[in-house]
Amino acid sequence: MRLIPNLSLLTLLLIPATAFAHPGHDVSVISGFIHPLTGLDHFLAIVASGLLASRAPTFRQAAVYPLAFVGCMILGVMLTAFAPSSVAVESMVSVSVVVLGAALWVEQKVSQNLGAFLVASFAVFHGFAHGSELGAAHPITFVVGFSSATLALHLAAVAVGQKLTATHGRDALRWVGAAIATVFGVATLVA
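Residues numbered from 1 in each chain as written. Predicted model: local features only at pLDDT ≥ 70, side-chain atom pairs only at ≥ 80, totals over all residues. Heavy atoms only, no water.

To continue, consider helix 4 (residues 59–79). Between its first and last C-alpha atoms helix 4 spans 30 Å; for 21 residues at 1.5 Å apiece the expected length is 30 Å, and the two agree. All of the buried residues along helix 4 are Ala62, Ala63, Tyr65, Pro66, Ala68, Phe69, Val70, Cys72, Met73, Gly76 and Val77. As for helix 4, its buried residues are in contact with helix 3 (40–54), helix 6 (112–132) and helix 7 (140–168). (Helix = DSSP H or I, 4+ residues; strand = E, 2+ residues; numbered from the N terminus. Expected span 1.5 Å × (residues − 1). Buried < 20%, exposed > 50% of the residue type's maximum accessible area, 1.4 Å probe, protein only. Contact = heavy atoms within 4.5 Å.)

Here you go:
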């Protein structure tokens with residue numbers, strides 16, 4: 001069965017070098033671009049969102065997920081000017097990974113509109129987490145970097161999701177969603 005080796009490879013690709021992508025980074029375009037790639041929480045939420053988008057029947061419908069995620073993430077960055085960061089933000093970032101992974105698992109019960117709403121809502125918290133790390137530095141270069149990486153990851157996840165579905169059927173995405181939610185849930189409890 002080729003599904004197991006393919007899922008194993010996908011799992012390895014989903015594990016960045018660092019567990020969480022928050023404290024202690026500079027604010028250049030490059031560091032912004034690398035940021036979503038080095039934090040398990042942001043990385044898996046973006047991948048799950050892209051995989052959810054891959055289920056859409058048309059490109060226009062699929063584009064809603066990455067655009068909503070990036071747009072609401074930028075909104076979250078802007079909101080940090082009005083409120084301090086809190087533990088609730090980090091908790092919601094973690095919850096987003098589990099919920100988006102679970103949404104892939106129960107894919108028949110999650111409508112396109114509900115999925116896009118979940119993605120957009122959670123993206124605000126991801127953006128708030130990013131924005132609270134900037135301090136007094138000029139954020140535009142960092143935002144350009146992490147927005148570009150987020151969009152690229154979404155598009156890659158859409159392509160992977162479509163390939164998995166074409167090759168192994170819709171259940172392949174369900175199993176990936178279950179793995180994302182379970183592995184990250186356990187990793188968060190252990191950390």
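Tracing the chain through its elements places His130 in helix 6. Accessibility expressed as a relative area gives 1% for His130, which makes it buried. If we ignore the near neighbours within four places in the chain, the residues touching His130 are His35, His42, Met73, Val77 and Phe146.

At a minimum axis separation of 9 Å, helix 5 (residues 87–105) and helix 6 run at an interaxial angle of 145°. The way helix 5 lies across helix 6 gives a crossing that is left-handed. Listed contacts from helix 6 to Val89, Glu90, Met92, Val93, Val95, Ser96, Val99 and Leu100 of helix 5 are Leu118, Val119, Phe122, Phe125, His126, Phe128 and Ala129. Counted by class, the contact of helix 5 with helix 6 contains 12 nonpolar, 2 polar and 1 charged residues. (Axes fitted to C-alpha atoms, helices over the stretch in contact; angles between N-to-C directions. Left-handed = near helix turned anticlockwise from the far one by under 90°. Nonpolar A, V, L, I, M, F, W, Y, C, P; charged D, E, K, R; others polar.)

We now examine the packing of aromatic side chains. All told, the structure shown has 2 aromatic pairs when counted by the stated rule. Taking the centre distance of 5.0 Å and the plane angle of 65° together, the rings of Trp105 and Trp175 count as edge-to-face. Taken together, the residues Trp105 in helix 5 and Trp175 in helix 8 (residues 171–190) connect sequence positions 70 residues apart. For Trp105, a relative accessible area of 29% gives the class partly exposed. With a centroid separation of 5.3 Å and 70° between ring planes, the pair formed by Phe142 and Phe146 is classed as edge-to-face. One end of the pair is Phe142 and the other is Phe146, both in helix 7 and 4 residues apart, which spans about a single turn. We classify Phe146 as buried; its relative accessible area is 0%. Stacked on the ring of Trp105, the Lys or Arg Arg174 has its end atom at 4.1 Å from the ring centre. (Phe/Tyr/Trp six-rings, centres within 6.5 Å; stacked < 30°, edge-to-face > 60°. Lys NZ or Arg CZ within 6 Å of the ring centre and 35° of its normal.)

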